[in-house]
Amino acid sequence: MDVSKMTVSINKAINTQEVAVKEKHARTCILGTHHEKGAQTFWSVVNRLPLSSNAMLCWKFCHVFHKLLRDGHPNVLKDSLRYKNELSDMSRMWGHLSEGYGQLCSIYLKLLRTKMEYHTKNPRFPGNLQMSDRQLDEAGESDVNNFFQLTVEMFDYLECELNLFQTVFNSLDMSRSVSVTTAGQCRLAPLIQVILDCSHLYDYTVKLLFKLHSCLPADTLQGHRDRFMEQFTKLKDLFLRSSNLQYFKRLIQIPQLPENPPNFLRASALSEHISPVVVIPVEASSPDSEPVLEKDDLMDMDASQQNLFDNKFDDIFGSSFSSDPFNFNSQNGVNKDEKDHLIERLYREISALRAQLESVKTESQRAMLQLKGRVSELEAELAEQQHLGRQAADDCEFLRAELDELKKQREDTEKAQRSLTEIERKAQANEQRYSKLKEKYSELVQNHADLLRKNAEVTKQVSMARQAQADLEREKKELQDSFERISDQAQRKTQEQQEVLESLKQELATSRQELQLLHGNLETSAQTEAKCTAQVTELEKERDSLTSMVAGREEELLALREQLECSQLQLASAQESMCQLAKDQRKALLLRSRKVVERMVQEALSQLEEPTLISCAGSTEHLLAKVKSVSSCIEQLEKSRSQHLACPEEISDLLHSVMLLGHLTSDTIAHGSSTSLRAPPERADSLTEACKEYGRETLAYLASLEEEAPLENTDSTAIRSCLSRIKAIGEELLPRGLDIKQEELGDLVDKEMTATSAAIEAATARIEEMLSKSRAGDTGVKLEVNERILGSCTSLMQAIQVLIVASKDLQREIVESGRGTASPKEFYAKNSRWTEGLISASKAVGWGATIMVDAADLVVQGRGKFEELLVCSHEIAASTAQLVAASKVKADKDSPNLARLQQASRGVNQATAGVVASTISGKSQIEETDHMDFSSMTLTQIKRQEMDSQVRVLELENELQKERQKLGELRKKHYELAGVAEGWEEGTGAAPPTLQEAVPEKD
């Protein structure tokens, strides 16, 4: 579809006329979104419309946009989300107007924003809200929480729809037939989209509420039911009022809701629910949206009507009149009046046939609508039956599972009953065994009574009784020994005491058996009854004594048990005291660790201003690394603190974190102090103050690490803030390289080498010019000195020129061998550090040559110092040595160009030595000519001059010492800055040579 055609349709659909939007324009906009797969064209046109100043434009925009969200391409929602805030602002603005379309626009915009938010949160729902039951279940992901939230969002969505519905009806005058006026149709037209949305939302809300009631208690869903009842009443009333309007009768078939709302407390009521179906006839369209017939359509219509008339005429009069049906002159016997009557009668028949045709079409259309509605109802019933079938299948599965579980329970019950029967049988057997034992005991008692009457073996019984008495004495002694052993071992094991008691009982049983044996022997004894009776009495007394002894042992055993319980109580008390002691020790250990760490931090703070740190200039990178380590340590400390509060025994990690924090804090303060010595004054003061503040906050944080203190009292925000300040200052102090783009490095190298060569040539020309002037104006020693100095400078410039040429050749060889398929510029950009070193060295050589020529010019003119010329020669020699080092850092050691470069470097060193020698010699010659004359001075004057000379010598020596220290610091600082800027610390460039390496000393 052409974009211009869509733009025209949008402008025609959204205009200032108070008429309904024409369907063909809206359809064109919808097709346009599907053609371009989005709404870019729509929004580009709408953004140019004054929606905020014209309510009618805004109302029609809302209608068209609502149609696009429902029936347009799915990307319409994505393309419209960026304008959601603008729609909200426009809604609030139109809400301030209480008349006309102001409130309508405000509520409609709020509805559109709610629709966009709903479909954004729930992307499974299409814009027209048409979904099957299975898709609705998938939207909730079978989670009752999702269904609960989805129901709430549908209530909010439906509330906005009903609000717009009610507001539109309230704005109309129902006493008149407003639905047939253009103004009324303009307001009612958007309600068709609202009715479509409301029917689906109502259906989905009912199904979701039935699903929620099957999973959640009824009391929990009371709020949902109340809100549904309120919306049900409103929607039912609005559907009823809408169906009575003439405007809607031929455009849409509005469903009617049931008389009573669904009963969600009865699960079977879901089968009685019928989904409301809204039917829009295919041929239906609003009066304002009738399609415009083109010229061809009109011609086709006329042709069809003419053919219909011809066919009907032929049926009546025959085909002979079809060629010229109105040529009545050729008909015999028929006059003109009869022809007119015939024509009128035919016209009447045609009109009747047309009316019958229209009625047939109307009836067929009505029947078609009824059939479609019936089909929709049957489909809804089929869906419900399928849903009920699925529920029945689920219920069957659930009942089958319950039946299996009941079978298992019945089997377990039968097993338990069998076990109970077996136990009862064993109990009966035990009871019978007990009865037999009781009878046996009665027999034994009876036998014992019989033994008392017998006195056959009294003598033998007495002897055996004495033996038994000795055995009893021995057993008594053994019992005493056993008791002593039991007393000794009572505190160790209670079980052994029970075993000893069992052994005593067994020995007693043995004694009883021996006594029974003794009674058996009494049966065979023939002694007198009196002696036997006395012996038996004595034996009974012994038995009583043994029984009392056993009772005493049992009492002693009870006493030992009481002692054991007392010992256990003492042990538990000791354990509690040990736990308290361990807790106190952990607390003391944590306190000592914290004190040690605080002392470390305080010492670090006290050393900030000590002189020992003045010469210890630190690295900014080390400081930033320490700051990062401290941040990680604080996180570990907070985690260890939480673990310690949860489990007080876990204190090792906390102690380790506290000690590590102390060491890292001390190192950070020390590195911060040393780094500030290399920083500018303002940055140095800021860094020092930040380190001090960090130390103080660390001490405060450590002081808050009490064992009973809650976690919220140990806040590390202040420490992190201080670390952030230190990090920010450190990042500002990081050295910056050359501010050159990498793609410009290759050109810059060639430019600098060319500029250096030009500077050397210019310096050589100036020296020649100065030599010519000196020869013209100077004579004698001065001319000789000037010629020697300028000649040595010329030799040095020539040697430097040779060195630069050799350096260019070597660089060209390095680039050709190392760049591969890349261009020289790409090679220079790839090796940016090395390239920057070359650029810096070239600049230094050119600058040194210019400075040396200026110094030589001043010396020749008599206004300069020989020392300046010496320093300049040394400096230019060092610069050329730096260029040599930077050039050969990537060269092959066997390269012939490297050998030539080294040979040229030695030539520069020799030429520099010549400049130094000629300068020193010239200075000596000049000084010899300017000797002092002391012939006219007195002794006092000479003594005074001597004292002044000594004072001057001391002052000069002191100044010399200070200047040497200053020179050393400057060289160190220059070395560091040059190394950072040119990459010497990374090994990609060469370090600047020292003065001793560049220029050999010459006496």
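Residues numbered from 1 in each chain as written. Predicted model: local features only at pLDDT ≥ 70, side-chain atom pairs only at ≥ 80, totals over all residues. Heavy atoms only, no water.

A tally of regular secondary structure across the chain gives 30 helices and zero strands. Contacts in the chain between residues at least 24 apart in sequence constitute 80% of all its contacts with a sequence separation of at least 6. As presented, the chain carries roughly 58,300 Å² of accessible surface, and 52% of it is formed by carbon and sulfur atoms. (Helix = DSSP H or I, 4+ residues; strand = E, 2+ residues; numbered from the N terminus. Contact = heavy atoms within 4.5 Å. Areas by Shrake-Rupley, 256 points an atom, 1.4 Å probe, with all protein chains shown as cover.)

With respect to the helices and strands, the residue Gln 193 is situated in helix H11 (residues 191–213). Side chain to side chain, Gln 193 and Arg 70 meet in a polar contact 3.4 Å long. In contact with Gln 193, other than residues within four places in its own chain, are His 63, His 66, Lys 67 and Arg 70. (Polar contact = N/O pair within 3.5 Å; in protein donor to acceptor, adjacent residues only side chain to side chain.)

This part covers the packing of helix H9 (residues 144–170) against H11. Running from N to C, H9 and H11 cross one another at 150°; their axes reach a closest spacing of 9 Å. In this view, H9 runs roughly antiparallel relative to H11, as classed from their interaxial angle. The handedness of the crossing between H9 and H11 comes out as left-handed. (Axes fitted to C-alpha atoms, helices over the stretch in contact; angles between N-to-C directions. Parallel < 35°, antiparallel > 145°, perpendicular 65-115°, else oblique. Left-handed = near helix turned anticlockwise from the far one by under 90°.)

Next up on the list: the pattern of salt bridges. All told, the structure shown has 22 salt bridges when counted by the stated rule. Linking Lys 115 and Asp 197 is a salt bridge whose minimum nitrogen-to-oxygen distance equals 3.8 Å. Of the two residues, Lys 115 sits in helix H7 (residues 102–121) while Asp 197 sits in helix H11, which places them 82 residues apart along the sequence. When the shortest N-O distance is used, the salt bridge between Arg 134 and Glu 138 registers 2.8 Å. Linking Arg 134 with Glu 138, this pair stays in helix H8 (residues 133–140), spanning four residues, or about one helical turn. A relative accessible area of 53% means that Arg 134 is categorised as exposed. (Salt bridge = Lys/Arg side-chain N within 4 Å of Asp/Glu carboxyl O. Buried < 20%, exposed > 50% of the residue type's maximum accessible area, 1.4 Å probe, protein only.)

Next up on the list: helix H2 (residues 23–36). Taking 1.5 Å per residue as the helical rise, H2 with its 14 residues ought to reach 20 Å, and the 20 Å between its terminal C-alpha atoms agrees with that figure. Its buried side turned inward, H2 meets helix H1 (3–13), helix H4 (55–71) and helix H5 (75–80). Where H2 terminates, the next one or two residues include Lys 37, which has phi positive at roughly 55°. (Expected span 1.5 Å × (residues − 1).)

Under the defined criterion, the tally for this structure stands at zero disulfides. The thiol of Cys 105 is not disulfide-bonded; the next cysteine sulfur, from Cys 58, is found 4.0 Å away. (Disulfide = S-S within 2.5 Å.)

For any two helices packed against each other, the geometry is given by the interaxial angle and the distance between the axes. Running from N to C, helix H20 (residues 652–676) and helix H21 (residues 681–703) cross one another at 165°; their axes reach a closest spacing of 8 Å. Looking at the two axes, H20 sits roughly antiparallel to H21. The two elements H20 and H21 meet at a crossing, and its hand is left-handed. Only Ala 684, Leu 687, Thr 688, Cys 691, Tyr 694, Gly 695, Thr 698, Tyr 701 and Leu 702 of H21 make contact with H20, whose side of the interface consists of Val 658, Leu 661, Thr 665, Thr 668, Ile 669, Gly 672, Thr 675 and Ser 676.

Residue placement: Ser 275 occurs in the loop between helix H13 (246–249) and helix H14 (295–317). Separated by 2.9 Å, the side chains of Ser 275 and Asp 203 make a polar contact. Those residues in contact with Ser 275, other than ones at most four positions away along the chain, are Asp 203, Lys 207, Ala 380 and Glu 384.

By size, the foremost hydrophobic cluster in this structure holds 96 residues, and its most contacted members are Ile 14, Phe 42, Phe 61, Phe 65 and Phe 125. Take this core: its biggest share by element is 14 residues, from H11. Each of two domains, domain 1 (1–116) and domain 2 (122–281), supplies a minimum of three residues to this core. Ala 763, Val 860, Leu 901 and Val 915 belong to the second-largest nonpolar core, a separate cluster that totals 47 residues. (Core = buried A, V, L, I, M, F, W, Y, C linked by side-chain atoms within 4.5 Å. Domains from an automatic or database assignment.)

Take unusual backbone geometry next. Residue Lys 37 is not a glycine yet carries a positive backbone phi of 55°. When you line up the elements, Lys 37 lands in the loop between H2 and helix H3 (40–46). Unusually for a residue other than glycine, Leu 129 sits at a positive phi of about 65°. Mapping Leu 129 onto the fold places it in the loop between H7 and H8. You can call Leu 129 buried: its relative accessible area is 0%.

Let us now look at helix H19 (residues 620–646). Over its 27 residues, H19 runs 40 Å from end to end, which matches the ideal 39 Å to within 8%, given 1.5 Å per residue. The elements touched by buried residues of H19 are H20, H21 and helix H22 (717–733).

So, about the environment of Asp 667. Relative to the elements of secondary structure, Asp 667 occurs in helix H20. Judged by relative accessible area, which is 31%, Asp 667 ranks as partly exposed. Separated by 40 residues in the primary sequence, Asp 667 and Val 627 have C-alpha atoms spaced 9.6 Å apart.

Secondary-structure assignment places Ile 729 in helix H22. Look at Ile 729 and you get buried, because its relative accessible area is 10%. Residues Ile 729 and Ser 676, 53 residues apart in the sequence, show an inter-C-alpha distance of 9.9 Å. Ile 729 has contacts with Arg 683, Ser 686, Leu 687 and Ala 690, leaving out every residue within four places of it along the chain.

We now examine the packing of aromatic side chains. The final tally for this structure, using the stated rule, is 19 aromatic pairs. When the centroid spacing of 5.4 Å and the interplanar angle of 15° are considered together, the rings of Phe 165 and Phe 169 count as stacked. Here Phe 165 pairs with Phe 169, and both are found in helix H9, just four residues apart, close to one helical turn. What makes Phe 165 buried here is its relative accessible area of 0%. One aromatic cluster is present, formed by Phe 42, Trp 43, Phe 61, Phe 65 and Tyr 83 through successive ring pairs. Above the plane of the ring of Tyr 101 lies Arg 187, whose end atom (NZ or CZ) is 4.5 Å from the centre. (Phe/Tyr/Trp six-rings, centres within 6.5 Å; stacked < 30°, edge-to-face > 60°. Lys NZ or Arg CZ within 6 Å of the ring centre and 35° of its normal.)

In this section: the environment of Ala 684. By the secondary structure assignment, Ala 684 is in helix H21. The exposure class assigned to Ala 684 is buried, which follows from its relative accessible area of 10%. Setting aside residues up to four positions removed in sequence, Ala 684 forms contacts with Ser 676 and Ala 679.

Here the chain averages 76 in pLDDT, while 78% of its residues score no lower than 70. Below pLDDT 50 for its whole length, residues 283–334 participates in 44 contacts with residues either more than four positions away or in separate chains. Taken as a whole, residues 981–1003 scores under 50 in pLDDT and shows 51 contacts with residues more than four places along the chain or in a different chain. (pLDDT = per-residue confidence, 0-100.)

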